[in-house]
Structures are given as C-alpha cells and as structure tokens.
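Here is how the chains run, residue by residue.
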Amino acid sequence: MHSKRKPVIAGNWKMFNTTSEAATLVNELSSLVARFNDREIVVCPPFTALAAVRPILDETGIKLGAQNVHWEEKGAFTGEISPAMLKDAGCDYVILGHSERRQFFAETDENVNRKLKSVLKAGLIPIVCVGESLSEREAGITSTVVSRQIKIGLDGIDAESAKKIIIAYEPIWAIGTGRTASAADANAVCAFIRLTLTGMLGTPVADAIRIQYGGSVKPDNVDELMGSSDIDGALVGGASLKADDFGRIVGFTATSK
Ligand code: 13P
C-alpha cells in the first residue's frame, strides 16, 4: 500500500447468509472494527440481506456494497437490480465482473464496461474484478488477459470518474482454494495493472486508483500482502464470513519488506 491511497478492505459474502445470520455477523463485526478510521471497510451481502444489514451499519464506519448490478436504470429485465435501486437500499459500493459471474453467468468485459458507466453515473463506487485462470497463468498470458480486461472494462471512462474506481486483482486459481498468490507475485500483477492504467489515463489518475488483491486472503497472510507497494486493499471471500477473521484482516499491519 501507498500512503497516498486509503486502504480498502471489502468482504464479498457471495451466496451466504440469511437475514438473521447477516445481522449476527455485522453485529459481531462492528465491535471488532470500530477503532479503525484510517481505512475503508465494506461488506457485500447478498441482495436479500441488504435491508437487514443497513441499519446496523449506521452505527459503525462500515460501508455497504452489493455483488452485482444491471446497467439499465429500469425496465423489463426480470431478476435484475439497477444502480439506483442499490443506492436506495443504502449501498455505496458494488462489485463488477467477479470471476464467478464471468464463469457461471456469461459476464463479459463489454458487460462490465456497460455496468461501470452506469454505476459511476449513479454515484456508486465500483470494485472491478480482473484476474487470470490457472491455465492462462501456466501459459504465461496473465498480463495479456488482465490488460484486456482493464482496457475493455474501463474503455471510455473519463479521468475524474476513473479515480473513484477500485480494481480487484483476483487470480481465479487462488479463489476459495487456500492457495494465495505470493505477495511478490500479487504485487507484480497489481503494478502491471497500474502501468496499464497509466497508459490509459495518465500517472495522477493511475496513482489515485486503489487496487485490491483477492484470493484466499486470511489473517495470516494479509499483513505481507498489504505491505506490498501496489496492493491497496483486499477483497475477501471465505474469511469475511467469520467476524474474528475479517476483524483481524481489517486490522492488518502493513509489514513492508
Ligand atoms: P476467497 O477469499 O474465499 O478465496 O474468495 C475470494 C473472492 O472471490 C473475493 O471476491
């Protein structure tokens, strides 16, 4: 992390937690993270738990996010949720293009780009996920894949809006596998993402954009990851479902080497 950028730790709950489980988790969490005001903390419950979580978060510094959104403002799109509906539900953040959505729900870079434009217009902070599969890494095409995702995903975004974007680098082979990218490997890709952003948007904007790492982030590896120059936060799956673990992750101490 860099002192110029405020660290942001987000929990992606995926398809876990009923309303009562969600309320219990954020109640436990709020006492654990109350003292950290130098970092942003976000929880992204499933849509059905947003309303249960919202009033509990009012007493804390924790922000609310969603896991997906549609790009249209309203209309005949059965099963979809608009950016304005997320704002209305008290969300400030939304995850876009998670690898599980790309893999299981046919989400493309072009869809991510449409969603990104719509979300920025609505005043939500997007967390745009990118990352390579195991076979892509083994084929040595990580940078090709990630730069394509960034270039198409962020195409046509103006510099002022781009500063608000958070990028999450999530190598697919590290998600839910317990296999974390080493801090050095993760940082190298995050630095490459920043270089790509510099080419698209210029240095001041690229330096302002926060880049998270995601993929088996745990209490015992977060400090080293956050001690890396181009990693400004974490997008946490499994460990964000346990208050103690997520509380410890939020309370990281960056140990730069
Ligand atoms: P895990 O932390 O469970 O590996 O999940 C990472 C992730 O997909 C966060 O969006």
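Residues numbered from 1 in each chain as written. Predicted model: local features only at pLDDT ≥ 70, side-chain atom pairs only at ≥ 80, totals over all residues. Heavy atoms only, no water.

**Q** What exactly am I supposed to notice about the site of the ligand here?
**A** Every residue near the ligand is listed here: Asn12, Lys14, His98, Glu170, Ala174, Ile175, Gly176, Gly215, Ser216, Leu235, Gly237 and Gly238. At 3.0 Å from an oxygen atom of the ligand is found a side-chain nitrogen or oxygen belonging to Asn12. Gly176 places a main-chain nitrogen or oxygen 2.6 Å from an oxygen atom of the ligand. Tallied by class, the residues present in the shell around the ligand amount to three nonpolar, seven polar and two charged. (Near = heavy atom within 4 Å. Polar contact = N/O pair within 3.5 Å; in protein donor to acceptor, adjacent residues only side chain to side chain. Nonpolar A, V, L, I, M, F, W, Y, C, P; charged D, E, K, R; others polar.)

**Q** Before we go on, may I ask you to explain the pattern of salt bridges in this structure?
**A** Two side chains of opposite charge can pair, provided their charged atoms sit close to one another. With the rule as written, the count across this model stands at 17 salt bridges. With a shortest N-O distance of 3.5 Å, Asp207 and Lys4 are connected by a salt bridge. Here the residue Asp207 occupies a position in helix 10 (residues 203–208), and Lys4 occupies one in the segment before strand 1 (8–12), the gap between them amounting to 203 residues. Judged by its relative accessible area of 24%, Asp207 is partly exposed. With its nearest N and O atoms 2.9 Å apart, the salt bridge here joins Arg194 to Asp232. Taken as a pair, Arg194 in helix 9 (residues 183–201) and Asp232 in the loop between helix 11 (222–226) and strand 8 (233–236) lie far apart in primary sequence, 38 residues in all. Here Arg194 matches Asp232 in class, with each residue buried. Connected via shared salt-bridge partners are Arg5, Arg194, Asp230 and Asp232. (Salt bridge = Lys/Arg side-chain N within 4 Å of Asp/Glu carboxyl O. Helix = DSSP H or I, 4+ residues; strand = E, 2+ residues; numbered from the N terminus. Buried < 20%, exposed > 50% of the residue type's maximum accessible area, 1.4 Å probe, protein only.)

**Q** Looking at this structure, how should I read the environment of Glu21?
**A** Inspection of the secondary structure puts Glu21 in helix 1 (residues 19–33). Here the side chain of Glu21 touches Thr18 through a polar contact of 2.9 Å, landing on its backbone nitrogen.

**Q** Mind showing me how you'd approach the nonpolar core here?
**A** Within soluble globular proteins, side chains that are nonpolar tend to cluster in buried spots. One finds Ile9, Val43, Ile165, Ile167, Ile193, Leu197 and Tyr213 to be the most contacted residues of the largest nonpolar core, which totals 67 residues. Sort the elements by how many residues they give to this core and helix 9 lands first, with seven residues. Not counting the four nearest positions on each side in its chain, Ile167 is found in contact with Val128, Val130, Ile150, Leu154, Ile193, Leu197, Ile209, Arg210, Ile211 and Gln212. Counting eleven residues, the second largest nonpolar core, distinct from the first, contains Val42, Tyr93, Ile95 and Ile127. (Core = buried A, V, L, I, M, F, W, Y, C linked by side-chain atoms within 4.5 Å. Contact = heavy atoms within 4.5 Å.)

**Q** Looking at this structure, how should I read the pairing of strand 2 (residues 40–44)?
**A** Every regular strand shows the same layout, with side chains that alternate between the two sheet faces. Counting buried positions along strand 2 gives five out of five residues, so the element sits mostly inside the fold. Here strand 2 shows a buried face lined by Glu40, Val42 and Cys44 and a second buried face lined by Ile41 and Val43. The pairing of strand 1 with strand 2 spans five bridges and is parallel. Looking across to strand 2, one finds that Val8 is bridged to Glu40. Where the polypeptide runs from strand 2 across helix 2 (residues 50–57) and back to strand 3 (residues 63–66), its parallel neighbour, the crossover connection is right-handed. (Pairing = 2+ DSSP bridges. Right-handed = clockwise from strand over helix to strand, strands pointing away.)

**Q** Would you mind showing me how to read the sheet that holds strand 6 (residues 166–169) here?
**A** Within a sheet, each strand pairs with its neighbour through backbone hydrogen bonds, oriented either parallel or antiparallel. The strand order around the closed barrel formed by eight strands is 1-2-3-4-5-6-7-8, and the pairing between neighbours is parallel. This sheet shows a mean twist of 25° between the axes of neighbouring strands, independent of strand direction. (Axes fitted to C-alpha atoms, helices over the stretch in contact; angles between N-to-C directions.)

**Q** So what exactly am I meant to see when it comes to the layout of surface pockets here?
**A** The rolling of a water-molecule-sized probe over the atoms marks out the regions of remaining empty space. Estimated volume of the largest pocket: approximately 370 Å³. Considering the residues around the largest pocket, the lining is formed by 13 residues, among which Lys14, Met15, Gln67, Arg101 and Phe105 are closest to the centre. For the lining of the largest pocket, the class distribution of residues is five nonpolar, five polar and three charged. Empty space within the second largest pocket amounts to approximately 180 Å³. Along the walls of the second largest pocket sit 14 residues, with Phe36, Asn37, Arg39, Gly61 and Ile62 positioned nearest its centre. At the level of secondary structure, the elements contributing two or more residues to the lining of the second largest pocket comprise helix 1 and strand 2. (1 Å grid on protein atoms, 1.4 Å probe; cavity = no way out; pocket = protein on both sides within 12 Å on 5 of 7 lines; lining within 4 Å. Points joined across faces, edges and corners; volume = space filled by probe spheres on them.)

Functional significance is not addressed by these values, which are geometric in nature.
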